[in-house]
Amino acid sequence: MPKTILLTGGAGYIGSHTALEMIRAGYEVVVADNLSNGSRESLNRVERLTGVRIRFYQADVRDARALEDIFIECDIGGVVHFAGLKAVGESVEKPLLYYRHNLDATLSLLEVMARRGVGTLIFSSSATVYDPACAPVYTEDAPLKPVNPYGWTKFMCERIIKDACAAEKGLSALLLRYFNPVGAHESGLIGEDPRGVPNNLMPYISQVAVGRREYLTVHGGDYPTPDGTGIRDYIHVSDLARGHVAALDFLLANPCVDEINLGTGRGCSVLEVVKAFERASGRPIPYRIGPRRSGDIAAFWADATKARKKLGWEARHDLSEMCADAWRWQSMNPGGYEL
Ligand code: NAD
Ligand code: WQD
């Protein structure tokens, strides 16, 4: 019998791509999402791509009673916990909202897992937990020191999960620290659909390319990097999704508690991404160099060794494929899922 895995926040960007890869790997997938930043249509499209129906519940993870009903009805055997708020700038403006939301969601999930005796958890953490003083290469044992409330919620959720694992023999967890997920499934049917003005580089560039925005503002051209622009470890979202499958396979066979980076181990600058996107789309990306964005650092990327050694996973797609797939999604769906 395949294990039934609950994806909280599975109608979002990373969740929908992970649902697809998990179904392809033979898992049965159940999604609980309150649709605050996700779309039911993303799952319709995953169903189209896989030919498999996904059990979907429009539910808030903070609502423990609703969550427990799902565990009972679907006989959940493990959880991937994506659900949460993720906008760094908004977290600085509304810190209490972020602490309340992200901590409550994780606490209520852990309580329900304990009550139902479910012991396998994969958690969406972030490279933003690391102390920027350790940049540019982050290894998992680097000191942690987030610089914004969003990052602190990830730090605190990691702590809470580890403490729960220490207290409960049957609970095991992998804390996956994502670097910069970008791109879309190669079909162009699912992808990132940000609401409002995109905060992140790749969706912003995509919207410039498709004519929804006039030009890109490059946040800083005077960093101590070869071309003066910021360097990040961009990872194709389908590679990231396969990383979750590898993590789940591993955790089910080897119960443990550990943190693992999911990145490529390579950094690219903003201008390298712009040039790669121009090549992939055949469209010019007008840009203007602006001031640095507050809270940004010059450069960081993952040490991706642990994921390779422990999970047998590594990223396959390079920047040109990330841009080609982001462009396919954007040009096939210029208004996202709704239009
Ligand atoms: P997303 O916003 O597209 O997906 C999150 C999903 O969770 C959305 O569908 C939203 O509707 C849902 N959700 C939010 N709060 C909920 C709640 N209380 N109950 C039920 N559903 C809820 O974001 P994403 O980019 O797919 O990110 C997924 C996870 O990965 C998040 O936890 C995020 O913090 C983390 N992460 C994302 C990135 C990134 O750059 N995208 C990087 C590192 C970590
Ligand atoms: C990438 C580079 C910008 C937009 C964020 C979160 C992090 C994680 C991933 C969740 C930087 C530059 C961007 C623009 C630009 N999310 N840029 N013009 O900031 O590395 O990481 O997303 O966990 O926590 O902080 O990603 O895509 O915003 O920026 O020049 O319009 O692109 O300065 O160098 P970031 P990003």
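This is a predicted model, so every value here is computed, not measured.

Caption draft 1: Broad picture of the overall build of the protein. When helices and strands are counted, the protein shows eleven helices and 15 strands. At 19 Å, the protein has a C-alpha radius of gyration in line with the 20 Å of a compact globule built from 339 residues. Along the first, second and third principal axes, the C-alpha set of the protein runs to 55 × 45 × 40 Å. Per-residue burial for the protein yields a buried fraction of 55% across its 339 residues.

Caption draft 2: Quick look at the site of ligand 1. As a structural note, the neighbourhood of ligand 1 is formed by 27 residues, with I14, D33, N37, F82 and Y150 the closest of them. Within the backbone of I14, an N or O atom sits 2.8 Å from an oxygen atom of ligand 1. Contact with the protein chains covers 95% of the free accessible surface of ligand 1, which is 820 Å². It is strand β5 (residues 120–126) that provides the largest number of residues to the shell around ligand 1, a total of three residues. Here the shell around ligand 1 is composed, by residue class, of eleven nonpolar, eleven polar and five charged.

Caption draft 3: Spatial organisation of the site of ligand 2. Around ligand 2, the structure places 18 residues, and the nearest of them are Y150, T217, R232, R293 and D296. Here an oxygen atom of ligand 2 sits 2.6 Å away from a polar atom, N or O, in the side chain of Y150. A distance of 2.6 Å separates an oxygen atom of ligand 2 from a polar atom in the side chain of R232. Here ligand 2, which alone exposes 690 Å², has 87% of that area covered by the protein. For the shell around ligand 2, the class distribution of residues is seven nonpolar, eight polar and three charged. Both of domain 1 (4–183 + 234–263) and domain 2 (201–232 + 266–309 + 318–332) provide at least three residues apiece to the shell around ligand 2.

Caption draft 4: The nonpolar core, seen in detail. Core analysis: the biggest nonpolar cluster contains 41 residues, and L7, M22 and L174 have the highest contact counts within it. Taken together, the elements giving at least two residues each to this core come down to β1 (4–8), α1 (13–24), β2 (28–33), α2 (40–50), β7 (172–178), α8 (237–253), β12 (257–262) and α10 (305–311). It is α8 that provides the largest number of residues to this core, a total of eight residues. Among residues more than four places away in sequence, those in contact with M22 are I5, L7, Y27, V29, V80, H244, V245 and L248.

Caption draft 5: Local environment of the pairing of strand β9 (residues 216–219). Burial along β9 is one-sided: the face carrying L216 and V218 is buried and the face carrying T217 and H219 is not. Alignment of β9 against strand β14 (residues 287–290), held across four bridges, turns out to be parallel. Looking at β14, one finds that H219 is bridged to G290.

Cut-offs applied
- Residues numbered from 1 in each chain as written.
- Chains lettered and ligands numbered in written order.
- Predicted model: local features only at pLDDT ≥ 70, side-chain atom pairs only at ≥ 80, totals over all residues.
- Heavy atoms only, no water.
- Helix = DSSP H or I, 4+ residues; strand = E, 2+ residues; numbered from the N terminus.
- Rg over C-alpha atoms; globule rule 2.2 N^0.38 Å.
- Buried < 20%, exposed > 50% of the residue type's maximum accessible area, 1.4 Å probe, protein only.
- Near = heavy atom within 4 Å.
- Polar contact = N/O pair within 3.5 Å; in protein donor to acceptor, adjacent residues only side chain to side chain.
- Areas by Shrake-Rupley, 256 points an atom, 1.4 Å probe, with all protein chains shown as cover.
- Nonpolar A, V, L, I, M, F, W, Y, C, P; charged D, E, K, R; others polar.
- Domains from an automatic or database assignment.
- Core = buried A, V, L, I, M, F, W, Y, C linked by side-chain atoms within 4.5 Å.
- Contact = heavy atoms within 4.5 Å.
- Pairing = 2+ DSSP bridges.

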